[in-house]
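# Analysis of the macromolecular model
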Amino acid sequence: MRIAVPVEENEKEICPSFGRTPLFYIFDTETNSGTLIENDAMNAPGGAGIKAAQTVIDAKAEVVLVPRCGENAAKTLEAGGVKLYESVGLSVEENIQAFLDDKLAVLTDIHPGFHGHGGN
Amino acid sequence: MKLAVLSGKGGTGKTLVSVNLASVAGNAAYYDCDVEEPNGHLFFKPENVTEKTVFVKTPEIDADDCIGCRKCADFCKFNAIAVIGEKAMVFPDVCHPCGGCMMVCPQNAIFETERPIGKIAQGVSEDVTVTSGILNMGEESGVPIIRTLLRDMKANPNDFTVIDCPPGSACVVMESIIDADFCILVAEPTVFGVHNLNMVYELVQLFGKPYGVVLNKCLDGENPAEVFCTEHNIPILGRIPFDAELGRLNSNSEIVSRIDEKYHKLFTCILRQVKEAVQQ
Ligand code: SF4
Ligand code: SF4
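Our subject in this report is the structure included herewith. (Residues numbered from 1 in each chain as written. Chains lettered and ligands numbered in written order. Predicted model: local features only at pLDDT ≥ 70, side-chain atom pairs only at ≥ 80, totals over all residues. Heavy atoms only, no water.)

Right, let's get into the site of ligand 1. The environment of ligand 1 is formed by Pro59, Phe75, Cys76, Phe78, Ala80, Ile81, Cys95, His96, Pro97, Cys98, Gly99 and Cys101 of chain B. Here the shell around ligand 1 is composed, by residue class, of ten nonpolar, two polar and no charged. (Near = heavy atom within 4 Å. Nonpolar A, V, L, I, M, F, W, Y, C, P; charged D, E, K, R; others polar.)

Printed below as a string of structure tokens:
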């Protein structure tokens with residue numbers, strides 16, 4: 001199974017924004033190894049969540065670990081059969097371990113997006 | 001003359017100013033472009049209201065014809081299309097219906113449908129024609145509704161038109177002021193008020209619109225918004241005092257200038273200043 005985690009440039013910490021994260025860490029439980037892929041949606045003017053979700057789906061991830069997620073990204077992931085779990089703290093490694101140990105809960109914090117139009 | 005009323009955030013008295021200026025002007029048109037929270041009609045309580053639904057075009061995918069080639073998703077610069085399991089999927093709320101995906105699809109699998117996103121309501125309150133744009137809950141962009149309002153405004157020119165703009169300085173506000181001859185910026189006398197004022201001040205400068213400020217909720221003593229205006233040479237068109245009576249009437253959705261002579265005078269005076277500024 002492949003687990004995707006949005007990570008910061010330092011490659012160790014979880015990036016709280018799924019759509020705007022610079023990188024995704026894709027961990028493969030079969031080979032017990034991980035790779036980093038870039039998130040093209042990082043600077044997208046809009047629809048970043050959708051595009052980032054597409055990237056994760058194309059990387060054949062089945063699970064995403066994030067602190068929260070926008071509506072459109074969640075919808076896209078769901079359509080791609082990807083499940084969302086709520087990360088705890090910032091460590092990528094610890095969260096992957098926690099997920100494998102069945103200690104992470106299904107993500108419920110799905111927020112409506114602002115899509116760059118937020119009034120102010 | 002078209003007068004746009006702006007403020008950096010909601011609740012600063014933008015609607016108070018818009019509604020009362022339209023009222024004292026007489027034979028005026030009032031357009032509520034604050035489509036996410038249109039309040040003007042609560043004050044005007046217009047009669048003989050007619051409503052018109054506003055639609056936007058949305059692409060839809062015929063899954064039987066789609067081969068998952070991704071040409072549409074690659075083309076869409078708004079990232080409104082994802083392709084999952086070899087089938088394209090459209091996100092209407094981020095689509096800015098450009099029709100491009102339809103043109104690039106080699107399968108002709110994309111067709112256009114119409115989706116209601118809100119409505120325009122028009123009625124009459126004494127001698128003011130009141131037109132409000134109302135965006136459905138959950139819709140992302142009010143721009144198509146504002147454009148419909150502005151089209152109506154152009155088709156039915158009036159001697160005096162007040163445009164009650166959305167708060168802030170985002171693209172919906174820019175749409176709303178494009179045709180304005182003059183912009184009124186409504187500001188509160190606080191440090192936050194200055195921050196909000198600065199946002200709309202930068203916007204009207206960017207658009208090269210003549211403008212002036214109306215200070216709301218004025219108390220005796222220091223007024224940071226007034227200091228800001230003096231420092232930046234921004235004309236002050238009027239000061240609305242902080243006044244319990246006015247606050248009460250306004251929060252009861254009364255048009256204060258229709259009820260009390262003293263407020264009628266206050267807004268007539270602001271209107272006169274605007275007219276003088278436009279003529280200069
Ligand atoms: S109409 Fe334009 S914005 Fe909408 S999905 Fe197609 S390409 Fe994207
Ligand atoms: S371009 Fe047409 S065929 Fe290709 S993925 Fe999009 S809808 Fe499907």
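After that view of the structure, there is still more to cover.
Further remarks concern the interface of chain A and chain B. With 19 residues of chain A at the interface, the matching set in chain B holds 22 residues. Taking both sides of the interface into account, the surface hidden between chain A and chain B amounts to around 1500 Å²; carbon and sulfur atoms contribute 55%. Applying the counting rule to chain A against chain B returns one salt bridge. Note that Asp58 of chain A and Arg70 of chain B form a salt bridge whose closest N and O atoms lie 2.6 Å from each other. Where the side of chain A that touches chain B is concerned, the elements lending two or more residues are helix 1 (48-58) and helix 2 (71-79) of chain A. Looking at the side of chain A that touches chain B element by element, the count peaks at six residues for helix 1 of chain A. For the side of chain A that touches chain B, the per-class residue count stands at six nonpolar, ten polar and three charged. (Contact = heavy atoms within 4.5 Å. Buried area = accessible area lost by both parts, 1.4 Å probe. Salt bridge = Lys/Arg side-chain N within 4 Å of Asp/Glu carboxyl O. Helix = DSSP H or I, 4+ residues; strand = E, 2+ residues; numbered from the N terminus.)

Neighbouring ligand 2 are Cys66, Ile67, Gly68, Cys69, Arg70, Lys71, Cys72, Ala88, Cys105, Pro106, Gln107 and Ile110 of chain B. Partitioned by chemical class, the residues of the shell around ligand 2 number eight nonpolar, two polar and two charged.

Right, let's talk about the pairing of strand 1 (residues 2-6) of chain B for a bit. Residues and elements named next belong to chain B. With respect to burial, strand 1 is a largely interior element, four of its five residues being buried. Note that strand 1 and strand 8 (residues 160-164) share four bridges and pair parallel. Bridge assignment links Val5 to a residue of strand 8, and that residue is Asp164. As paired strands, strand 1 and strand 9 (residues 182-187) are joined by four bridges and run parallel to one another. (Buried < 20%, exposed > 50% of the residue type's maximum accessible area, 1.4 Å probe, protein only. Pairing = 2+ DSSP bridges.)

Residues and elements named next belong to chain B. Among the five residues of strand 2 (residues 28-32), five are classified as buried, and the element is accordingly described as predominantly covered. Side chains of strand 2 alternate between two faces, with Ala28, Tyr30 and Asp32 and Ala29 and Tyr31 buried alike. Relative to strand 7 (residues 128-135), strand 2 runs parallel, the two being bridged by five bridges. The residue bridging Asp32 from the neighbouring strand is Ser132, located in strand 7. Bridging between strand 2 and strand 8 involves five bridges; their strand directions are parallel. Across the sheet, residue Ala28 finds its bridge partner in strand 8, namely Phe160.

All names here are of chain B. Reading across the sheet, the nine strands line up as 3-6-7-2-8-1-9-10-11 and stay open at both edges, with mixed pairing between neighbours. Each having just a single partner strand, strand 3 (47-61) and strand 11 (236-241) make up the two edges of the open sheet. Strand after strand, the sheet turns through a mean of 20° between neighbouring axes, direction not considered. Note that strand 6 (residues 110-125) and strand 7 share eight bridges and pair antiparallel. What sits directly across from Ile120, in strand 7, is Gly133. Where helix 7 (residues 191-206) meets the sheet, it contacts strand 1, strand 9 and strand 10 (211-218), and its direction lies at approximately 170° from that of strand 9. Packing against the sheet, helix 11 (residues 261-279) makes contact with strand 1, strand 8, strand 9, strand 10 and strand 11, and its axis sits at approximately 170° to strand 11. (Axes fitted to C-alpha atoms, helices over the stretch in contact; angles between N-to-C directions.)

Residue and element names in this part refer to chain A. One open sheet holds the five strands; their spatial order is 3-2-1-4-6, and the pairing between them is mixed. Taken across any chain shown, the strands that pair with only one partner, and hence form the sheet edges, are strand 3 (33-38) and strand 6 (83-86). With strand direction ignored, the average angle separating the axes of adjacent strands in the sheet is 25°. Its contacts with the sheet put helix 3 (residues 92-100) on strand 1 (2-7), strand 2 (23-28), strand 4 (63-66) and strand 6, and the angle it makes with strand 1 is roughly 150°.

Now for the nonpolar core. Residues and elements named next belong to chain B. Grouped together as the largest cluster of nonpolar side chains are 40 residues, with contacts concentrated most on Ala4, Leu6, Cys183, Leu185, Leu197 and Val213. In contact with Leu6, not counting residues within four places along its chain, are Lys14, Cys165, Val173, Ile177, Cys183, Ile184, Leu185, Val186, Val200, Leu203 and Val204. The next biggest cluster of nonpolar side chains, apart from the first, holds 31 residues, and it includes Leu3, Val17, Tyr30 and Val128. (Core = buried A, V, L, I, M, F, W, Y, C linked by side-chain atoms within 4.5 Å.)

What follows covers the packing of aromatic side chains. One pair of aromatic rings is described through two measures. These are the centre distance and the angle between the planes. All told, the structure shown has six aromatic pairs over all chains when counted by the stated rule. Between Phe18 of chain A and Phe24 of chain A, the aromatic rings sit 5.3 Å apart at their centres with planes inclined by 55°, giving tilted as the arrangement. Across the pair, Phe24 of chain A and Phe18 of chain A agree in class, each one buried. Summarising the aromatic geometry, the rings of Tyr201 of chain B and Phe228 of chain B are spaced 5.7 Å apart at their centres and angled 85° between planes, so their arrangement reads as edge-to-face. One end of the pair, Tyr201 of chain B, is in helix 7; the other, Phe228 of chain B, is in helix 8 (residues 224-231), and 27 residues separate them in sequence. Phe228 of chain B sits in the buried class, given a relative accessible area of 8%. Aromatic rings pair up to connect Tyr201, Tyr211 and Phe228 of chain B into one cluster. Over the ring of Phe160 of chain B we find Lys275 of chain B, and its NZ or CZ is 5.7 Å from the ring centre. (Phe/Tyr/Trp six-rings, centres within 6.5 Å; stacked < 30°, edge-to-face > 60°. Lys NZ or Arg CZ within 6 Å of the ring centre and 35° of its normal.)

Moving on: the side chain of Lys14 of chain B. Residue and element names in this part refer to chain B. With respect to the helices and strands, Lys14 occurs in helix 1 (residues 14-25). Judged by relative accessible area, Lys14 falls into the buried class, the value being 4%. Of the polar contacts made by the side chain of Lys14, one reaches the side chain of Asp34; its length is 3.4 Å. Of the polar contacts made by the side chain of Lys14, one reaches the side chain of Asp164; its length is 2.8 Å. (Polar contact = N/O pair within 3.5 Å; in protein donor to acceptor, adjacent residues only side chain to side chain.)

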